[in-house]
Amino acid sequence: MAKLSTAELIDAFKELTLLELSEFVKEFETTFDVTAAAPAAVVAAAPGAAPAAAAEEQDEFDVVLESAGDKKIQVIKVVREVVSGLGLKEAKELVEAAPKALLEKVDKEAAEAAKEKLEAAGAKITIK
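About the cut-offs
- Per chain, residues are indexed from 1 in the order of the written sequence.
- Two thresholds apply to this predicted model, a pLDDT of at least 70 for residue-level local features and 80 or more for giving and counting side-chain atom pairs, whereas whole-chain, interface and lining totals are computed over all residues.
- For the side-chain quantities, the full set of heavy atoms in the structure was used; hydrogens and water were omitted.
- Here a strand pair is declared whenever DSSP counts at least two bridges between the two strands.
- A run of H or I in DSSP counts as a helix once it spans at least four residues, and a run of E counts as a strand once it spans at least two, with each numbered from the N terminus.
- To obtain each axis, a line is fitted to C-alpha atoms, and for helices this fit is confined to the stretch in contact; angles are then taken between N-to-C directions over 0 to 180 degrees.
- Each residue after the first adds 1.5 Å to the expected span of a helix.
- Residue contacts are defined here by distance: any two heavy atoms, one from each residue, within 4.5 Å place the two residues in contact.
- The salt bridge definition used is simple: a Lys or Arg side-chain nitrogen within 4 Å of an Asp or Glu carboxyl oxygen.
- Note on classification: 1.4 Å probe, protein chains only; a residue is buried when its accessible area is under 20% of the maximum for its type, exposed when over 50%, partly exposed between these limits.

> Sorry, what's going on with the sheet that holds strand β1 (residues 61-67) here?
Backbone hydrogen bonds hold the strands of a sheet together, and the pairing may be parallel or antiparallel. Pairing within the open sheet is antiparallel, and its 3 strands lie in the order β2-β1-β3. With partners counted over all chains shown, the strands left at the sheet margins are β2 (100-106) and β3 (124-127), one partner each. For this sheet, the mean inter-axis angle between neighbouring strands, taken without regard to orientation, is 20°. The pairing of β1 with β3 spans 4 bridges and is classified as antiparallel. Within the sheet, the bridge partner assigned to Val63 lies in β3 and is Ile127.

Here it is, written out as structure tokens:
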């Protein structure tokens, strides 16, 4: 049998289903008396692993008003809707202080809904 290159092996694995690949891994472990599981100490000691996982699982977002655009009055009205408890004066000051965070540490759905409303009113919004 001809020796396969790493690229050829990867291509062969890409054609397997997850079930077939799982069976292959079990057979490989049995044949060569090894385990594919990473030791917990090695995973915990990896310095770059934790920040990458945290970035993927971000569940708190900040909605930042970059600018009010041309329709400042409509943006002020929507800011009062989005940020609870604001009076007209506070909303106006918040819009005029752009760039400014309107909402902090909200879930993704609330951030997207606020962004959609504010952009419809003419504001420029970023979610961080």
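> Help me understand unusual backbone geometry, please; the structure alone is not making it clear to me.
Residues apart from glycine generally show negative phi values, whereas peptide bonds are mostly found in trans. The phi dihedral of Asp33 is positive, around 50°, even though this residue is not glycine. For Asp33, the position within the fold is in the loop between α2 (18-32) and α3 (40-45). Phi at Lys105 takes a positive value of approximately 55°, unusual for a residue other than glycine. Among the structural elements, Lys105 can be located in strand β2.

> Explanation requested: helix α7 (residues 108-120) in the structure shown.
Since the α-helix turns once every 3.6 residues, residues separated by three or four places project in the same direction. With 13 residues, α7 extends 18 Å between its outermost C-alpha atoms, agreeing within 8% with the 18 Å of an ideal straight helix rising 1.5 Å per residue. Buried-residue contacts for α7 involve β1, α5 (72-82), β2 and β3. Gly122 lies just past α7 and shows a positive phi near 110°.

> Where do I start with the environment of Ile127 in this structure?
Mapped onto the secondary structure, Ile127 falls in strand β3. Residues Ile127 and Phe61 lie 66 residues apart in sequence; the distance between their C-alpha atoms is 6.5 Å. Non-local contacts of Ile127, meaning those with residues more than four positions away in its chain, are made with Phe61, Asp62, Ala111, Glu112 and Lys115.

> Explain the pattern of salt bridges here, please?
When the charged atoms of two side chains with opposite charge come close together, those side chains can pair. Inspection of every chain in the model, using the stated rule, returns 2 salt bridges. The salt bridge partner of Glu96 is Lys72, with a shortest N-O separation of 3.1 Å. One end of the pair, Glu96, is in helix α6 (residues 88-96); the other, Lys72, is in helix α5, and 24 residues separate them in sequence. Classification of Glu96 by relative accessible area gives partly exposed; the value is 42%. One salt bridge connects Glu96 with Lys92, and the closest N-O pair in it is separated by 3.0 Å. Taken together, the residues Glu96 and Lys92, both in helix α6 and 4 residues apart, mark about one turn of the helix.

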